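Inside the fold
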Amino acid sequence: MSNYIVLVKQVPDITQITDNAFDPETGTLIRSRLASVINELDTQALALANQMRQDSGDQDGKIVALTMGPPMAEEVLRYCLSRCADMAVLLTDRALGGADTWATANPLAYAVRKIVKDFFNGDNDYYVVSGMQSVDGDTAQVPPQIAEELSLPCIAYVTKAEFLNGRFEFTRIISGGSQVVTARKLPAVITVAKYEYPLFATFAAARWANKVEVIRWGGDDVKARYIGAKGSRTRVIRVFPPAKSTRRCRQVSNVKTLAKLLVESYKGDGEKIGERGEQQRRYQLPDRRADKFDRSFEATQKANEDFKILGETIRELGISEVNQIDEYLKGRILHAAGEHFHKGALEDMINGLQLTNPSFDGEVWVVAEHTAGEIHPATFELIGKARELADSLETKVGVCLAGYKVESMTKGLIAAGADKIYIIEDKLLEVFDPTAYRKAAADAITNYWPQIVLFGATARGRMLAPMVSYRVGCGLTADCTSFDIRDSSRKGQIAILLQTRPALGGNVMATICTKDSRSQMATARPGVIKRPPPDVRRTGELIRHKVKLTDDDISLEIIKTELGAGEVNFNAEIIVSGGRGMQSRDNYERLAGSLCAYLGRKLNCQVEKGASRAAVEQGFVERIHQVGQTGTSVGPKLYIALGISGAIQHMIGVANSETIVAINSDPNAPIFKHCDYYIIGTVEDVVPELVQALEAV
């Protein structure tokens, strides 16, 4: 008999975000101005757990809903009780506030242990089921970190569960296809990427849910080791609204105009997305700066301004060394600075000026991802960024490459900018297993301790990175779009990695740094960092690292793997993608196919077909054509989206496109805010007219 612990979360309704939802001074979200709802993927996780209980025939199995949050989070638990949950546990305590994913996963894992002990009588036949991620954080880190704390297998990106031969088999998304797996042992953690069979509350169940007691636990009840801001391994430096889109977002009134714009966009030089804006000055270590009082690389603009005033005042007073500043000079500095900073801030800044050594040491690493003998493009992008960071820090770039018979891939990694390749080869690493790969990567990291470790925010990387970071005791920031080396001198931090990422569905940006960790770790969104051209003349060092792996380190049994048939050229200059709005496979083949064929002939260029995840799951085309966060990130000269709504996961994957054109019948489609040109209309009407109009251009 299996039991189920479903993790749910109360989140702000990001569909209702308006400008007045932000504090104009700080740029932070005022959550009280937004309605709170249950995280959508968690409702799907609840439905999957209910289906699993029904299919297994274990009607005595319990479903326990668990959440961590303020007292008002009880609402989402009553939602769960009214659908299928038998019990609900609210982990609530002021001490839990301000937690990052590390300090969220830890108390939740301890709560899981207590649920198993108190309610399941210690029976380990259970599943922890959760949505893949929440809309407010979008990190996908908490479930894998819970799995790591509990030493459980983690099956991520699940879309289906079937009870066969006395066990559950799970269909999950992998790069370029899907896979059917089962956990080799229970308990296990399951994260749900999609399960579109919603549960509805009956009147009787809703009445019962409003009366039943919700169990409340505090931090002392679960006895977690890391809670709240104090137990977190990352710190938010600032939260701010995203920059205004550089896309034109221009509505086109007729098909003839759209045809003309398509041709002009392709034939024009095209502004490279990654080259927009001014290039930042490269970071210099403090002892490499011409002026010993130069603190122009601070993490915030306010700190830069304060240190600039301090430096100017110090020079005016004829002070040549920081240790010359006594109480008398401090008074003169404060008088000259006016209201810019107070005595406590001055003390912090003076202490900061005495710091010149970096807070972290070691190399800058990239954990390589590969499939079928090919390195994932995101790895090459990250090596380019690692090269830039390492040059500022005056250190080396290392690449951790785990697998079996992978030495042939090292030349490409060195040409991309790596100085050292740390090879971990073992027959048990021939096929990716998250637990085995986690052990291999974590062992290498703790042996060499790089100061920065970067992973691609791919389906695989977003599962592996949280497990590795938790195992080695380091903070992790997810889905970063930019990295910078900066100082936070007042806090005693020199040459730290600033990690900037979008949150709340892209409605806010957050800059984060690592704390209380030996390495700074992050995942980066594929396609947002420009891949540098390879230099085949480069040479590097190969270091073979041995890790002792046994069959017990394999957590999953792979039953079947299905990769999309055929070949896809996502390096094509034009990509035509179809979404759910294509309605059928016939429409996809006919409309997307005809537009691809005609553009190829008309413009004498390579054109490839793509698809949204929804189109793939509707069976319109094989998964190998999927574009987006769980598919392939692309950056063509021209990207044409047919019937694609523009979910954030899809737009992440096309962000590097020079020109994005959208055709959609929904006038409120999100993609219209992230494209260059769009026309409102059905693909069945617009595409045939567009093909005809192109003939006249």
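Residues numbered from 1 in each chain as written. Predicted model: local features only at pLDDT ≥ 70, side-chain atom pairs only at ≥ 80, totals over all residues. Heavy atoms only, no water.

Quick look at the environment of Val129
With respect to the helices, strands and loops of the structure, Val129 is situated in strand E6 (residues 126-131). Separated by 14 residues in the primary sequence, Val129 and Pro143 place their C-alpha atoms 8.5 Å from one another. Those residues in contact with Val129 that lie beyond four places of it in its chain are Ile5, Val6, Leu7, Ala45, Leu48, Ala49, Ile190 and Val192. (Helix = DSSP H or I, 4+ residues; strand = E, 2+ residues; numbered from the N terminus. Contact = heavy atoms within 4.5 Å.)

Some words on empty space enclosed by the protein
Under the defined criterion, the tally for this structure stands at 5 cavities of 30 Å³ or more. Taken as a whole, the largest cavity spans an internal volume of roughly 130 Å³. Around the largest cavity sit 14 residues that line it, and Val367, Ala368, Glu369, Tyr437 and Leu464 are the ones nearest its centre. Secondary structure elements with two or more residues in the lining of the largest cavity: strand E17 (397-403), helix H14 (434-448), strand E19 (452-456) and helix H15 (461-472). Top element by residues in the lining of the largest cavity is E17. It accounts for 3 residues. Grouping the amino acids of the lining of the largest cavity by side-chain chemistry returns 9 nonpolar, 3 polar and 2 charged. (1 Å grid on protein atoms, 1.4 Å probe; cavity = no way out; pocket = protein on both sides within 12 Å on 5 of 7 lines; lining within 4 Å. Points joined across faces, edges and corners; volume = space filled by probe spheres on them. Nonpolar A, V, L, I, M, F, W, Y, C, P; charged D, E, K, R; others polar.)

Regarding the side chain of Arg387
By the element assignment, Arg387 lies in helix H12 (residues 377-393). Residues within four places of Arg387 in sequence aside, it is in contact with Thr395, Val397, Gly417, Asp419 and Arg538.

A short note on the pattern of salt bridges
Following the criterion strictly, the structure yields 42 salt bridges and no others. Residue Arg247 pairs with Asp676 through a salt bridge whose shortest N-O separation is 2.9 Å. Of this pair, Arg247 sits in the loop between strand E12 (234-240) and strand E13 (250-251) while Asp676 sits in the loop between strand E30 (659-664) and strand E31 (677-680); the two residues are 429 residues apart in sequence, bridging distant segments of the chain. Exposure class is identical for Arg247 and Asp676. Each is buried. With a closest N to O distance of 2.7 Å, Glu363 and Lys420 form a salt bridge. With Glu363 in the loop between helix H11 (343-353) and strand E14 (364-367) and Lys420 in strand E18 (residues 420-425), this pair connects stretches of sequence that are 57 residues apart. In this structure Glu363 comes out as buried when scored by relative accessible area, which is 12%. (Salt bridge = Lys/Arg side-chain N within 4 Å of Asp/Glu carboxyl O. Buried < 20%, exposed > 50% of the residue type's maximum accessible area, 1.4 Å probe, protein only.)

Focus on the packing of helix H8 (residues 255-267) against helix H19 (residues 683-695)
The interhelical angle for the contact between H8 and H19, taken along N-to-C directions, is 60°, at an axis separation of 9 Å. In this structure, H8 meets H19 at a crossing whose hand is right-handed. Contacts from Val255, Lys256, Leu258, Ala259, Leu262 and Val263 of H8 reach H19 at Val686, Glu689, Leu690, Ala693 and Leu694. Among the residues making up the contact of H8 with H19, the classes are represented as 9 nonpolar, no polar and 2 charged. (Axes fitted to C-alpha atoms, helices over the stretch in contact; angles between N-to-C directions. Left-handed = near helix turned anticlockwise from the far one by under 90°.)

Some points on H15
Along its 12 residues, H15 runs 16 Å from first to last C-alpha, staying within 8% of the 16 Å computed at 1.5 Å per residue. Burial of H15 is extensive: 11 of the 12 residues sit out of reach of the surface. Just beyond H15, the residue with positive phi is Gly473, at close to 80°. (Expected span 1.5 Å × (residues − 1).)

Side note on the environment of Ile421
Tracing the backbone shows Ile421 in strand E18. With 121 residues separating them along the chain, Ile421 and Leu542 place their C-alpha atoms 4.9 Å apart. Non-local contacts of Ile421, meaning those with residues more than four positions away in its chain, are made with Val399, Leu401, Thr410, Leu413, Ile414, Glu541, Leu542 and Ile543.

So, the sheet that holds strand E22 (residues 493-503)
The strands making up a sheet associate through backbone hydrogen bonding, with each pair oriented either parallel or antiparallel. Taken together, 4 strands build an open sheet; the order of strands is E12-E23-E22-E21 and the sheet is antiparallel. The open sheet has two free edges, formed respectively by E12 and strand E21 (482-488), since each of these has just one partner strand. Across the sheet, the mean angle from the axis of one strand to that of its neighbour is 30°, orientation sign disregarded. Judged from the 5 bridges that link them, E22 and strand E23 (residues 508-514) form a sheet pairing that is antiparallel. Bridge pairing in E23 links Gln499 to Ile512. This element, H12, spans E21 and E22 of the sheet and lies at about 20° to E21. (Pairing = 2+ DSSP bridges.)

Side note on the confidence of the model for the protein
Of all residues in the protein, 95% have pLDDT values of 70 or greater, and the mean over the chain is 91. Scored below 50 in pLDDT, residues 270-278 makes 13 contacts in the model with residues more than four places away or belonging to other chains. (pLDDT = per-residue confidence, 0-100.)

Overview of the sheet that holds strand E5 (residues 87-91)
Ordered by their spatial adjacency, 10 strands build an open sheet running E11-E5-E4-E1-E6-E10-E7-E8-E9-E26, and the pairing between neighbours is mixed. In this open sheet, the two edge strands, each paired with only one partner strand, are strand E11 (215-217) and strand E26 (556-563). Taking the axes of each pair of neighbouring strands and ignoring which way they run, one obtains an average angle of 30° across the sheet. Where strand E4 (residues 63-68) and E5 come together, 5 bridges link them in parallel fashion. Note that in E5 the partner of Ala65 across the bridge is Ala88. The strands touched by helix H2 (residues 74-83) are E4, E5 and E11; relative to E5, the strand with the most contacts, the crossing angle is about 165°.

Thoughts on unusual backbone geometry
Glycine aside, residues mostly have negative phi, and peptide bonds are mostly found in the trans state. Residue Leu186 is joined to Pro187 through a cis peptide bond whose omega torsion reads 5°. Within the fold, Pro187 resides in the loop between strand E9 (177-183) and strand E10 (188-192). Residue Cys249 is not a glycine yet carries a positive backbone phi of 50°. Secondary-structure assignment places Cys249 in the loop between E12 and E13.

A look at the packing of helix H9 (residues 301-316) against H11
Running from amino to carboxyl end, H9 crosses H11 at an angle of 75°, the nearest separation of the two axes being 11 Å. As judged from the angle between their axes, H9 and H11 are roughly perpendicular. Contacts between H9 and H11 involve Asp306, Phe307, Leu310 and Ile314 on the former and, on the latter, Leu346, Met349 and Leu353. In the contact of H9 with H11, the residues fall into 6 nonpolar, no polar and 1 charged. (Parallel < 35°, antiparallel > 145°, perpendicular 65-115°, else oblique.)

Side note on the side chain of Glu74
Relative to the helices and strands, Glu74 is located in helix H2. Within the local environment of Glu74, its side chain forms a polar contact with the side chain of Arg78, the two groups lying 2.8 Å apart. Beyond its immediate sequence surroundings of up to four residues, Glu74 is in contact with Leu90, Val214 and Arg216. (Polar contact = N/O pair within 3.5 Å; in protein donor to acceptor, adjacent residues only side chain to side chain.)

Regarding the state of the cysteines
Per the stated rule, a full pass over the model turns up 0 disulfides. Left unpaired, Cys84 is separated from the closest cysteine sulfur, that of Cys80, by 7.3 Å. Summary of cysteine pairing: Cys400 is not part of a disulfide, and the nearest cysteine sulfur, belonging to Cys474, is at 14 Å. (Disulfide = S-S within 2.5 Å.)

Considerations on the pairing of E14
Along E14, one buried face is formed by Val364 and Val366 and the opposite face, lined by Trp365 and Val367, is buried too. Inspection of the sheet shows E14 paired to E19 by 3 bridges, in the parallel sense. Counted as the bridge partner of Trp365 is Val453 from E19. As judged from the 4 bridges shared by E14 and E17, these two strands associate in the parallel manner. From the neighbouring strand, Val366 faces E17, where its bridge partner is Val399.

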